[in-house]
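Spelled out, the chains give:
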Amino acid sequence: MAVSCFEGFYLSFKILYFFKNFRSGHGLLKRENYKMSSLIYPKERTLEKITLVLGIVFWLLLIIGTFGVALLVLLVGYIFYLFAQSALISYIKGNGVLLTSRQFPDLHQQFAECCATLKMEPWPEVYILHGNGAMNAFATRFLGAQYVVLLSDVVDAMSANPDGVRFYLGHEIGHLHMRHLGKMFLRWPALWLPLLGAAYSRARETSCDRYGLACCSSPDNAGRALAALAAGHKRWRDLDLEQFCLQVRETSGFWMSLHELTGGYPWLTKRVARVTSREALIPARSKFSYLLALCVPYAGRSGGLFALIIYIYILFFAFAFGLPFLKDVTARFEAIKMVNETAVARNALTNAYFNNRQPPASLASLGVPTGLPNGDRLLYNQQNMTLVINSGGKSIRLIPSLLDHNKIIWRCVAVEGLTTKQLPACKGPR
């Protein structure tokens, strides 16, 4: 599933629109299509809200923490996306067969019926592409245009199932109708989180299975279309759906539960059980598997190891930009504190100078201690009446200047452990 970065930028300016829709309880489906809402898996509603909020928070922190550098990185990423996605769309259009009323009219009629059933407007373009043995179909989009691709092996295998192709068409139209591809950008950071990202992906797939079921004349036809992904091109015809669904009992074990919790698709036995109204057979997952699944980030089909690598990559850049910023802010506050600690000494030196018209002999003669309660120390030079404050490896020199014979201003100069930019504006008259 390709993620449109361009659409993500657009969506970032429509955050309030999203929240308005979410509060209404109808998400991205049109309000008049109240019957269509029954096709949406209930958990998807909750998970899409959670991932949206967490994703927006992450993006804001990343942009603020990197002083906007993240936006430049996103721009570069979008350019890469344009080239990669344009290559995919070009391949589909250059090597696939576009369904029309004159090109495979039987399949096009099934597609039209699915769009009517699911109230899909406007219609996406549908292509048949050679699958090289793979049983699959997918939806994608590029610069606003939407596409459904059926691999030829699915079409050939489903020739004996009157609803087979309809199920796959309905499933992929479901992704487009629910705008699963366009909603990914803002949520992307949250989708890497353990349990959450995988759960949201499974919920979306379950919703789309319901879309596919809505295009079929019977649940068994929908179940057989799904089961063909397990039984293959021919054997699905002889598959005992009841026995296949009974296999779902095995999914309650620790390892099967763990690998489902870290994966983006429900087990196929569960999917078939759901579309054939045998959901009562589905057992609860192992509770202990959740503990280990919490340690595995979600990275789609790339796997948990790839997710860990990406996490390390993100943390590296967060530290690369964040630590220097934190150190600079800390140094600025330290410099302000050091200069403020010299206020008593500077006032005493200024008063003594105007009283005697010469620099005092020492700070001790003015009753000003050179050692401060926090361990910082003051150094005084009688020749030019300068002060130096030392604090934990950092030093600032304060140089006096006579102004109009009745005022002295102090200028700060970094000596050690600080830069000029980190110093406060200590030029006020004293």
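Notes on the structure follow. Predicted model, so just to flag it, every value in this text is computed and none were measured.

Overview of the overall build of the protein
(1) Moving on: From N to C terminus, the protein includes 16 helices and eight strands.
(2) Moving on: Counting the 430 residues in the protein, one finds 45% classified as buried.

Considerations on the sheet that holds strand S7 (residues 394-403)
(1) Moving on: A sheet is described by the order of its strands in space; here four strands give the open sequence S5-S6-S7-S8, paired in antiparallel fashion. The open sheet has two free edges, formed respectively by strand S5 (377-381) and strand S8 (407-416), since each of these has just one partner strand. Sheet twist, expressed as the mean angle between neighbouring strand axes with direction ignored, is 20°.
(2) Moving on: In the sheet, S5 pairs with strand S6 (residues 386-391) via five bridges, with the strands oriented antiparallel. Counterpart to Arg377 in the pairing with S6 is Asn390.
(3) Moving on: The strands that helix H16 (residues 343-356) touches are S5, S6, S7 and S8; relative to S8, the one it contacts most, it runs at about 135°.

Some words on helix H5 (residues 105-117)
(1) Moving on: The end-to-end C-alpha distance of H5 is 18 Å, a good match for the 18 Å that 13 residues give at a rise of 1.5 Å each.
(2) Moving on: Of the residues making up H5, those classed as buried are Leu107, His108, Gln110, Phe111, Ala112, Cys114 and Cys115.
(3) Moving on: Of the residues flanking the end of H5, it is Lys119, one or two places downstream, whose phi is positive at about 55°.

Some thoughts on the packing of helix H10 (residues 219-231) against helix H13 (residues 268-275)
(1) Moving on: Running from N to C, H10 and H13 point in directions that differ by 170°, and their axes come no closer than 8 Å. Considering their axes alone, H10 and H13 lie roughly antiparallel with respect to each other. Of the residues in H13, those in contact with Pro219, Ala222, Gly223, Leu226, Ala227, Leu229 and Ala230 of H10 are Leu268, Arg271, Val272 and Val275.
(2) Moving on: Considered class by class, the residues forming the contact of H10 with H13 number nine nonpolar, one polar and one charged.

Remarks on the pattern of salt bridges
(1) Moving on: In the structure shown here, the tally under the stated rule is 14 salt bridges.
(2) Moving on: A salt bridge links Arg235 to Asp238, with the nearest nitrogen and oxygen atoms 3.9 Å apart. One exposure class covers both Arg235 and Asp238, and it is exposed.
(3) Moving on: For Glu334, the salt bridge goes to Lys337, with nearest N and O atoms at 3.6 Å.

Some thoughts on H16
(1) Moving on: Here H16 is 14 residues long and its end C-alpha atoms lie 20 Å apart, about the 20 Å a rise of 1.5 Å per residue gives.
(2) Moving on: Among the residues of H16, those classed as buried are Ala345, Arg346, Ala348, Leu349, Thr350, Ala352 and Tyr353.
(3) Moving on: Just beyond H16, the residue with positive phi is Arg357, at close to 60°.

A word on the sheet that holds strand S4 (residues 145-151)
Adjacent strands of a sheet pair through backbone hydrogen bonds, lying either parallel or antiparallel.
(1) Moving on: If you walk across this open sheet you meet the four strands as S1-S2-S4-S3, and the pairing is mixed. Bordering the open sheet on either side are strand S1 (97-98) and strand S3 (137-142), each of which pairs with just one other strand.
(2) Moving on: Sheet topology note: the S1/strand S2 (residues 125-129) ladder contains two bridges and is antiparallel. Within the sheet, the bridge partner assigned to Leu98 lies in S2 and is Tyr127.
(3) Moving on: Against the sheet, helix H4 (residues 69-95) contacts S1, S2, S3 and S4, and its axis sits at roughly 125° relative to S3.

Structural notes on the packing of helix H8 (residues 184-191) against helix H9 (residues 196-214)
(1) Moving on: It is the contact of H8 with H9, at a shortest axis distance of 8 Å, that shows an interaxial angle of 135°. One way to sum up the angle between H8 and H9 is to call them oblique. Contacts between H8 and H9 involve Met184, Arg187, Ala190 and Leu191 on the former and, on the latter, Leu196, Gly197, Tyr200 and Arg204.
(2) Moving on: Across the contact of H8 with H9, the residue classes break down as five nonpolar, one polar and two charged.

A few points about the nonpolar core
(1) Moving on: Formed by 47 residues in total, the largest nonpolar core has its most connected members in Leu150, Met158, Phe167, Tyr168, Leu169 and Ile173.
(2) Moving on: With six residues, the top contributor of residues to this core is helix H7 (residues 164-177).
(3) Moving on: In this structure Tyr168 touches Ala137, Leu150, Val154, Met158, Ala225, Leu226 and Leu229, once residues within four positions along its chain are discounted.

Quick notes on a nonpolar patch on the surface
(1) Moving on: Taken together, the side chains of Leu72, Leu75, Val76, Ile79, Phe80 and Phe83 define a hydrophobic patch exposed on the protein surface, amounting to about 640 Å² of accessible area.
(2) Moving on: Here Leu75 falls in the partly exposed class, since its relative accessible area comes to 44%.

Thoughts on the side chain of Asp376
(1) Moving on: By the element assignment, Asp376 lies in the loop between H16 and S5.
(2) Moving on: With a relative accessible area of 5%, Asp376 lands in the buried category.
(3) Moving on: Among the polar contacts listed, one links the side chain of Asp376 to the side chain of Lys337, at a separation of 3.4 Å.
(4) Moving on: Only 2.9 Å separates the side chain of Asp376 from the side chain of Ser391, close enough to count as a polar contact.
(5) Moving on: Among residues more than four places away in sequence, those in contact with Asp376 are Lys337, Glu341, Thr370, Gly371, Asn390 and Ser391.

Examining the packing of aromatic side chains
(1) Moving on: By the definition in use, this model includes ten aromatic pairs.
(2) Moving on: Consider the rings of Phe111 and Trp123, whose centres lie 5.5 Å apart with planes at 75°: the pair is edge-to-face. One end of the pair, Phe111, is in helix H5; the other, Trp123, is in the loop between H5 and S2, and twelve residues separate them in sequence.
(3) Moving on: You can call Phe111 buried: its relative accessible area is 3%.
(4) Moving on: Here Trp188 and Trp192 contribute two aromatic rings whose centre-to-centre distance is 5.3 Å and whose plane-to-plane angle is 80°, an arrangement assigned as edge-to-face.
(5) Moving on: Looking at Trp188, the relative accessible area reads 32%, which means it is partly exposed.

Quick notes on the rules
Residues numbered from 1 in each chain as written. Predicted model: local features only at pLDDT ≥ 70, side-chain atom pairs only at ≥ 80, totals over all residues. Heavy atoms only, no water. Helix = DSSP H or I, 4+ residues; strand = E, 2+ residues; numbered from the N terminus. Buried < 20%, exposed > 50% of the residue type's maximum accessible area, 1.4 Å probe, protein only. Pairing = 2+ DSSP bridges. Axes fitted to C-alpha atoms, helices over the stretch in contact; angles between N-to-C directions. Contact = heavy atoms within 4.5 Å. Expected span 1.5 Å × (residues − 1). Parallel < 35°, antiparallel > 145°, perpendicular 65-115°, else oblique. Nonpolar A, V, L, I, M, F, W, Y, C, P; charged D, E, K, R; others polar. Salt bridge = Lys/Arg side-chain N within 4 Å of Asp/Glu carboxyl O. Core = buried A, V, L, I, M, F, W, Y, C linked by side-chain atoms within 4.5 Å. Patch = residues over 30% accessible without salt bridge, like charges linked within 9 Å, V, L, I, M, F, W, Y side chains within 5 Å. Areas by Shrake-Rupley, 256 points an atom, 1.4 Å probe, with all protein chains shown as cover. Polar contact = N/O pair within 3.5 Å; in protein donor to acceptor, adjacent residues only side chain to side chain. Phe/Tyr/Trp six-rings, centres within 6.5 Å; stacked < 30°, edge-to-face > 60°.

Function cannot be read off these values alone, since they describe shape.
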